[in-house]
Amino acid sequence: MTRAEPPTGAAVTHKQMANAIRALSMDAVQAANSGHPGMPMGMADIATVLFKDFLKFDASDAQWPDRDRFVLSNGHGSMLLYSLLHLTGYPDMDIDQIRNFRQLGSRTAGHPEFGHAQGIETTTGPLGQGIGTAVGMALAERMLAARYGSEVVDHHTYVFAGDGCLMEGISHEAASLAGHLGLGKLIVLFDDNEISIDGPTDLSVRDDQIARFEACGWEATRIDGHDPEAIFAALETARTSDRPSLIACRTVIGYGSPNKQGTAGTHGAPLGADEIAATRNELDWPYDPFVVPNDVLGAWRSVGGRGAERRHEWRSRVDAMSADAKASYESALSGALPNGWEAAFDTYKEAVIAEQPKMATRQASQKALDALAGIIPNLAGGSADLTGSNLTKAAGMSPVEAGDYSGSYIFYGVREHGMAAAMNGIALHGGLIPYGGTFLIFTDYCRPSIRLSALMGQRVIYVMTHDSIGLGEDGPTHQPVEQVASLRAIPNLNVFRPADAVETTECWALALKANSTPSVLALTRQGVPTLRSTAEGGNQCSRGAYILAEADGDRRVTLLATGSEVSLACEARDLLQADGIGTAVVSMPCHELFDAQDVVYRETVLGKNTVRVAVEAAVSQGWDRYIGCNGAFVGMSEFGASAPAPALYEHFGITAKAVADAARDRV
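Here is a short report on the structure shown in this document. Per chain, the residues get numbers from 1 upward, laid out in the order the sequence is written. Local features in this predicted model are restricted to residues whose pLDDT is 70 or higher, and side-chain atom pairs enter the listing and the counts only when it is 80 or higher, whereas totals over whole chains, interfaces and linings include all residues. Working from all heavy atoms in the structure, the side-chain values ignore hydrogens and water.

### Considering the overall build of the chain
To qualify as a helix, a DSSP run of H or I must reach at least 4 residues; to qualify as a strand, a run of E must reach at least 2; elements of each kind are numbered from the N terminus. Helix and strand counts for the chain come out as 26 helices and 20 strands. What you see for the chain is a C-alpha radius of gyration of 28 Å, in line with the 26 Å of a compact globule of 667 residues. Dimensions along the principal axes, computed over C-alpha positions, put the chain at roughly 90 × 55 × 45 Å. Looking at the chain residue by residue over its 667 residues, the buried ones come to 61%. In the chain, once contacts between residues fewer than 6 apart in sequence are set aside, the share between residues at least 24 apart is 78%. Neither His nor the chain termini are counted; the positive set is Lys and Arg, and the negative set is Asp and Glu. Where a charge lies is defined by one atom per residue type: Lys uses NZ, Arg uses CZ, Asp uses CG and Glu uses CD. Of the side-chain charges in the chain, 53 are positive and 79 negative, and the distance between the mean point of each set is 3 Å. Only C-alpha atoms enter the radius of gyration; for comparison, a globular chain is expected to reach 2.2 Å times N to the power 0.38, where N is the number of residues. Throughout, exposure labels follow a simple rule: accessible area from a 1.4 Å probe, protein chains only, divided by the maximum for the residue type, with under 20% read as buried, over 50% as exposed, and the rest as partly exposed. Here, residues are in contact when the closest pair of their heavy atoms is within 4.5 Å.

Right, dumping it as C-alpha cells:
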C-alpha cells in the first residue's frame, strides 16, 4: 500500500491537516472553558495518517455496515473525534457544533456519546471501556464474515487508547480475550505520552506495555507518534497480522504548545488565551479561532468522500449474493427478529404450561434458549466460565474459536467485565444479538458496562443466575442481597426476576423484543414450581406485574413478590384465605415495565386501599413506592450466610408465615 497524497495536491501537507485538528481542539476547549486539549494535539499526527491513508469510511453514510470502526477509548480527548467528523464532512457536525463543545443540546458532549452524532461508534469516557467494546466489534466482524463471507464482511477495528485505558483492569481482560481469539483485525494505537492528570505516569505505573501485550498474544511495537512515515509503516504491518496489534506511539501531550506541551497542564484544562496565541505561532497556524482554510478543509473533505466508491462496490457484492443469503444478511444487520419467531416461541410456552415442571429458572432459561436457538440464528451466547451453572449454552451451539468464528457460543473465561464490554461491542456492531452469563453477584464486576448498555440503548441480555440466598452453601460472598435493587436504579435497564418456567419464557421474549433497552434476567439456582396454568392473557410479564391469584371474596390484602418468593406468597395467601382474609398475589417480574403502565392498571394490580406486603429475598430499597406507608416488606436487611437454602430462608424470616403475619398485623 502506498501513502495517499493530500487530495488537493502537494500544497496541503500532512502538518497542515494535523494542525487543523490541533487548532479546532484547543479553540473548542478554550471556548467551553472546559475539556482536554492535550490528547487531541498529541494524537493529531496519528489520526491524520489513519484517516487519510487507511480508515475505510464514507462520511455521507455513517451506517455503512462494512466500514472500519474507529473507537476513541480515551474519550476525554473527544475533540479529536469531533474535529475529524467535522473536517471529513459528516453532515451533522458543522462548525457550530464545534463552537458549542460541551454545551447543553450540542452533539459535542464532553465525552463521545453514541447516538449524539454520526460517526460516534460507541460511548466512551470510562477509561478502558473503549478497548473492551472494540474487542466485541472485532469479534462480531469475524463471526459475521464466517457466516456471510469476506466479500461483504471485511473491515478493521481501530482504537485510540491512553495510559489510563491500559491501567484500568478491563484492559487486561479485553487484551487477553482478543489475543486468545486471534482477532487480527483489531489494532490499538496507544498514546504513549507518559503523562496522566497527576503528572508523569511514573508516579504510578512502570509497566512494559509491549511485553504485556505480547504475553497476551498480540503483535506489539513502539514508534514515534509524530513521524508520519513511521505511523504509516506500523499500520501497514499491523493490517497484515493474524494477531491483534498494539502500536505504542510515543507522543508529546499538547504538541505545539510551547510552554505547556509535555506536561499535565495540557491534560484537562484549557491552554489559556496567551498560550493559544503562542501555539498558533508555533504551529504556523495564523487563522482565527474555528477557521480552517479552504485548501486544508478541501483536503479533509476529499478524505471523507473517498470511501463512497468502495461502498458502492460493496453494495454490488451484496446484491450479487444469493437471494436467501442476502435476505439473511440484511435481516441480521437490521436487528429484526425472524418472521414467525414469536408464534413459534408461544407454542413452546404452551408446552411448558402443559408440563408444569418444577425446576430452577436458570434451567427454564436454558430450555427457552434451546427453543430460541432454532428460531433466531443470530444469537451470540456466552458465559464467564460458568456455562454449566448459568446454563447459557443452547443445544446445537458450537464454540467460537481462534481461526474458526463460525460458532455462536463464546467462552469468555473469568472475565466478567470484559465479557460485558464485548457484548456492548457486538450489539453496536450489528448483525448479532449478544447474551452472556455469570452469577448475579458478579454484576458488580460488570456494572460499568451494564450502565453503558443502558446509556447507549443497546439490546444486550445479561443472564445472571444464583440470584439470592437461595443459592445456599456458597455463602454471603456469592449471595446477592443489594444487587437487584442497585440494578433497578440504572435508567433504561429492564431487570427481570421471573417466578417460574412460564415467566422465564416470557421474560426472554421481552428481552429480545427490547431493541433499545438492555435486560438482566435474575434467575434461581433452586427449583421453583410452575404457578401459571394457562396461556390466557398472552405475555403477562409484558406489563411488569399482574394479578397471579385474585382474592376469594373482597380483596383486603395484596401480596407482591418476584422470583422464587412468588410461590412463597402463594402459600401465605392460602394461610390468609383460611382465616377469611381475602388476599391477592401479584407477581412483579419487572418493576420497570410496571412503572410504564397507566395509573389505572397500576392501581388495579396493587389493590387500592388494601394492605400491601412485599416479599423478596433482597434488600427493601425500591419497594416503598408500591407498598405505601402502611405496608410491610419481608426480605433481607443484612448479608447472607453459608447453609442450605431452606435453612437460610427460615433463619432470615423469609417464610409464608412471616408474610401472612405481616399482613394480619395490618389488616
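### Quick word on helix α13 (residues 323-334)
By definition here, a helix of n residues has an expected span of 1.5 Å times n minus one. A rise of 1.5 Å per residue sets the reference length of α13, with its 12 residues, at 16 Å; its end C-alpha atoms lie 16 Å apart and thus fit the reference within 8%. Within two residues after α13, Gly-335 carries a phi angle of roughly 80°, on the positive side.

### Quick word on empty space enclosed by the protein
Every definition here rests on a 1 Å grid over the protein atoms only: cavities are sets of points where a 1.4 Å probe fits but cannot get out, pockets are open sets enclosed by protein on both sides within 12 Å along at least five of seven lines, and lining residues have some atom within 4 Å of a point. Grid points are joined across faces, edges and corners, and a volume is the space filled by probe spheres set on the points. Under the criterion given, the structure shown has three cavities of 30 Å³ or more. As a volume, the largest cavity reaches approximately 120 Å³. Around the largest cavity sit 15 residues that line it, and Leu-55, Phe-57, Tyr-90, Gly-119 and Glu-121 are the ones nearest its centre. Put simply, the parts of the chain that give the lining of the largest cavity at least two residues each are β1 (69-72) and α3 (78-88). Residue classes in the lining of the largest cavity are distributed as eight nonpolar, one polar and six charged. Lys, Arg, Asp and Glu make up the charged group, whereas Ala, Val, Leu, Ile, Met, Phe, Trp, Tyr, Cys and Pro make up the nonpolar group; the residues left over, Gly among them, are polar.

### Points about the side chain of Arg-573
Mapped onto the secondary structure, Arg-573 falls in helix α21 (residues 565-578). Classification of Arg-573 by relative accessible area gives buried; the value is 12%. Apart from the residues lying within four places of it in its own chain, the contact partners of Arg-573 are Ala-549, Glu-550, Ala-551, Asp-552, Leu-559, Thr-583 and Val-585.

### Digging into the sheet that holds strand β18 (residues 583-587)
Across the sheet, which stays open at both edges, the five strands sit in the order β16-β18-β17-β19-β20 with mixed pairing between neighbours. The two strands at the open ends of the sheet, each matched to only one other strand, are β16 (546-549) and β20 (632-634). This sheet shows a mean twist of 30° between the axes of neighbouring strands, independent of strand direction. Pairing between two strands requires that DSSP report at least two bridges joining them. Relative to β20, strand β19 (residues 611-615) runs parallel, the two sharing three bridges. From the neighbouring strand, Ala-614 faces β20, where its bridge partner is Phe-633. Throughout, an axis means a line fitted to C-alpha atoms (over the contacting stretch in the case of helices), and angles, computed between N-to-C directions, take values from 0 to 180 degrees. Contacts from helix α23 (residues 599-606) reach β16, β17 (557-561), β18 and β19, with the element oriented near 25° to β16.

### Looking at the layout of surface pockets
Size it by volume and the largest pocket reaches roughly 580 Å³. In terms of lining, the largest pocket is formed by 29 residues, of which the most central are Leu-333, Ala-427, Leu-428, Gly-430 and Gln-458. Of all elements in the fold, only α13 and α17 (416-429) reach the threshold of two or more residues within the lining of the largest pocket.

### Section: the sheet that holds strand β10 (residues 409-411)
On the basis of which strands lie adjacent, the open sheet formed by six strands has the order β10-β9-β11-β12-β14-β13 and parallel pairing. The open sheet is flanked by β10 and β13 (494-496), the only strands paired with a single partner. With strand direction ignored, the average angle separating the axes of adjacent strands in the sheet is 20°. In this structure, strand β12 (residues 461-465) lies alongside strand β14 (residues 519-523), joined through five bridges in parallel fashion. Each residue of the ladder has a partner; that of Val-463, found in β14, is Leu-521.

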